[in-house]
Amino acid sequence: MLLRIEKYNIEYKSVWDDFVSSSRNGTFLFYRDYMEYHSDRFTDYSLMFFEKDKLVALLPANIQENVFYSHQGLTYGGLVLSCNTKTSQTIEILGRGIEYLQQCGVNKIIYKSIPYIYHCHPSQDDLYALFRSNATLLSRTISSTIDLSDRLDYAELRKRQIKKADKLNLTVCESESFAEFWTVLEQNLKENHQAVATHSLSEIEYLRDKFRENIRLFCTLKDDKIVAGCVIFETDTVAHTQYISALEEGKENGALDFLFDHLINNVFDKKRYFDFGTSTEDNGHFLNEGLISQKEGFGARGVVYDTYQIELTK
């Protein structure tokens, strides 16, 4: 296979996006409009792999101090592959990519793989190619995911919380009130975690306007006031809870449990997976057992998000 590698530029935008839409493991996070909302923070170094004139793979990426990252602004983001790209080709694609980056003066590759739940067709060829290239595991975080085709039963505590909320006549709806929810979210993050949201309100509203079918807000209401909410990032196969938050009142009356139950059983019941996101810190070395216990109470079980490292200099 004669491979040609091109560094992404704006002239390729439609070609890039078309490839993502027809790939076997791409999601809306890889569309250029999503990747570039924070272009002021990252120096893009995305690569495109051509066999003659046919695009066969993409690698969303940025570069910082001679380190090549599969894009730091994305939750996941390894090689995006076409349905026709085979394992032997993937090995060559990664190998040629390593050679290309060495020639460009890169001394290290940090590679985030795409968890299998996001694949429309099996796409772990890159993990085998990484093994063949002597990549080492740098971090492993664990997310909690429900297989919606074969669900496990809820824990008794979750059932009680849902019943409590139901008796209080709480309601769940899809909402456009991102500003109201962001006030709840930012207050919780500051008070309980000394953290801020990955996306500012203006950024999430910009992305929601670009990807209305993929970025959706659902809220639990009491007397028309948001007491709990969840921002869902929806892909072809996964409903992923990107942000979750509740007022103290909502936590006490089971508003989040009520919301999750509605999403799992009514809104996203035809998806393959419902993913609650990760419950780890320090590159996976610390597990927040209280947080993961709540997610597992809905029948969610572990799916890993892996990051690998390839040293290019000795």
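Everything quoted here is computed from the prediction, not taken from an experiment.

Asker: How should I be thinking about the overall build of the protein chain in this particular structure?
Answerer: Of the regular secondary structure elements, the protein chain holds 10 helices and 17 strands. Over its C-alpha trace the protein chain gives a radius of gyration of 21 Å, about what one expects of a compact globule, namely 20 Å for 314 residues. Over its C-alpha atoms, taken along the principal directions, the protein chain stretches across nearly 65 × 35 × 35 Å. Across the 314 residues in the protein chain, those meeting the buried criterion constitute 53%. Excluding contacts between residues fewer than 6 apart, the proportion of contacts in the protein chain whose partners are at least 24 apart in sequence is 74%. Entry remark: accessible area of the protein chain is about 15,100 Å², with carbon and sulfur atoms responsible for 46%. In the protein chain, 35 positive and 46 negative side-chain charges are present, and the distance between their average locations comes to 3 Å.

Asker: It is not clear to me how the sheet that holds strand S4 (residues 54-59) should be interpreted in this structure. Could you clarify?
Answerer: Across a sheet, strands are paired by hydrogen bonds formed along the backbone, either parallel or antiparallel in direction. Taken together, 4 strands build an open sheet; the order of strands is S1-S3-S4-S7 and the sheet is antiparallel. Edge positions in the open sheet fall to strand S1 (3-7) and strand S7 (80-81), since each of these has one partner strand only. For S4 and S7, the ladder comprises 2 bridges, and the chain directions are antiparallel. Among the inter-strand pairings, leucine 58 is bridged to a residue of S7, identified as valine 80. Relative to the sheet, helix H3 (residues 87-103) contacts S1, strand S3 (47-51), S4 and S7, its axis offset from that of S1 by approximately 55°.

Asker: Looking at this model, I keep getting lost on the layout of surface pockets. Mind explaining?
Answerer: Here the idea is plain: a probe the size of a water molecule rolls over the atoms and shows the empty space left. Volume-wise, the second largest pocket comes out at about 240 Å³. Considering the residues around the second largest pocket, the lining is formed by 16 residues, among which Gly26, Thr27, Phe28, Tyr31 and Asp236 are closest to the centre. A per-class count over the lining of the second largest pocket returns 5 nonpolar, 7 polar and 4 charged.

Asker: Is there a simple way to think about the nonpolar core in this case?
Answerer: What tends to happen in soluble globular proteins is that the nonpolar side chains get buried as a cluster. Of all hydrophobic cores here, the largest spans 41 residues; its most connected members are Tyr34, Leu58, Trp182, Ile215, Val231 and Phe233. By residue number, the principal contributor to this core is helix H6 (residues 178-193), which donates 5 residues. Setting aside chain neighbours within four positions, we find phenylalanine 233 in contact with Phe28, Leu29, Tyr34, His199, Ile204, Asn214, Ile215, Val238, Ala239, His240 and Gln242. Listed in part, the 27 residues of the second largest apolar core include Leu3, Tyr45, Leu101 and Ile310.

Asker: I'm lost on the sheet that holds strand S8 (residues 108-112) in this one. Help?
Answerer: Here 11 strands make up an open sheet; going across it, the order is S2-S5-S6-S8-S17-S9-S14-S13-S12-S11-S10 and the pairing mixed. At either end of the open sheet lies a strand with only one pairing partner, and these are strand S2 (43-44) and strand S10 (171-175). Bridge analysis of strand S13 (residues 238-246) against strand S14 (residues 273-278) gives 3 bridges, and the strand direction is parallel. Bridge pairing links alanine 239 to phenylalanine 274 in S14.

Asker: Would you mind showing me how to read the packing of aromatic side chains here?
Answerer: Each pair of aromatic rings is reported with the distance of its centres and the angle of its planes. Per the counting criterion, the structure on display carries 24 aromatic pairs. Arranged with centres 5.6 Å apart and planes meeting at 65°, the rings of phenylalanine 28 and phenylalanine 233 form a pair that is edge-to-face. Here phenylalanine 233 lies in strand S12 (residues 225-234) and phenylalanine 28 lies in the loop between helix H1 (13-22) and helix H2 (32-35), a separation of 205 residues in the sequence. With respect to burial, phenylalanine 28 and phenylalanine 233 carry one shared label: buried. Taking the centre distance of 6.5 Å and the plane angle of 85° together, the rings of tyrosine 118 and tyrosine 305 count as edge-to-face. Taken as a pair, tyrosine 118 in the loop between S8 and helix H4 (125-132) and tyrosine 305 in strand S17 (residues 301-311) lie far apart in primary sequence, 187 residues in all. Among the aromatic residues, those joined into a cluster by ring pairs are Phe28, Tyr31, Tyr34, Tyr37, Phe211 and Phe233. Across from the ring centre of phenylalanine 50, 4.4 Å away, lies the NZ or CZ of arginine 4, which sits over that ring. Across the ring face of tyrosine 8, the terminal group of arginine 32 is positioned such that the distance to the ring centre comes to 3.7 Å.

About the criteria used
- Residues numbered from 1 in each chain as written.
- Predicted model: local features only at pLDDT ≥ 70, side-chain atom pairs only at ≥ 80, totals over all residues.
- Heavy atoms only, no water.
- Helix = DSSP H or I, 4+ residues; strand = E, 2+ residues; numbered from the N terminus.
- Rg over C-alpha atoms; globule rule 2.2 N^0.38 Å.
- Buried < 20%, exposed > 50% of the residue type's maximum accessible area, 1.4 Å probe, protein only.
- Contact = heavy atoms within 4.5 Å.
- Areas by Shrake-Rupley, 256 points an atom, 1.4 Å probe, with all protein chains shown as cover.
- Lys, Arg positive; Asp, Glu negative; His and termini not counted.
- Charge placed at Lys NZ, Arg CZ, Asp CG, Glu CD.
- Pairing = 2+ DSSP bridges.
- Axes fitted to C-alpha atoms, helices over the stretch in contact; angles between N-to-C directions.
- 1 Å grid on protein atoms, 1.4 Å probe; cavity = no way out; pocket = protein on both sides within 12 Å on 5 of 7 lines; lining within 4 Å.
- Points joined across faces, edges and corners; volume = space filled by probe spheres on them.
- Nonpolar A, V, L, I, M, F, W, Y, C, P; charged D, E, K, R; others polar.
- Core = buried A, V, L, I, M, F, W, Y, C linked by side-chain atoms within 4.5 Å.
- Phe/Tyr/Trp six-rings, centres within 6.5 Å; stacked < 30°, edge-to-face > 60°.
- Lys NZ or Arg CZ within 6 Å of the ring centre and 35° of its normal.

Read these as layout, nothing more, since geometry by itself doesn't imply function.
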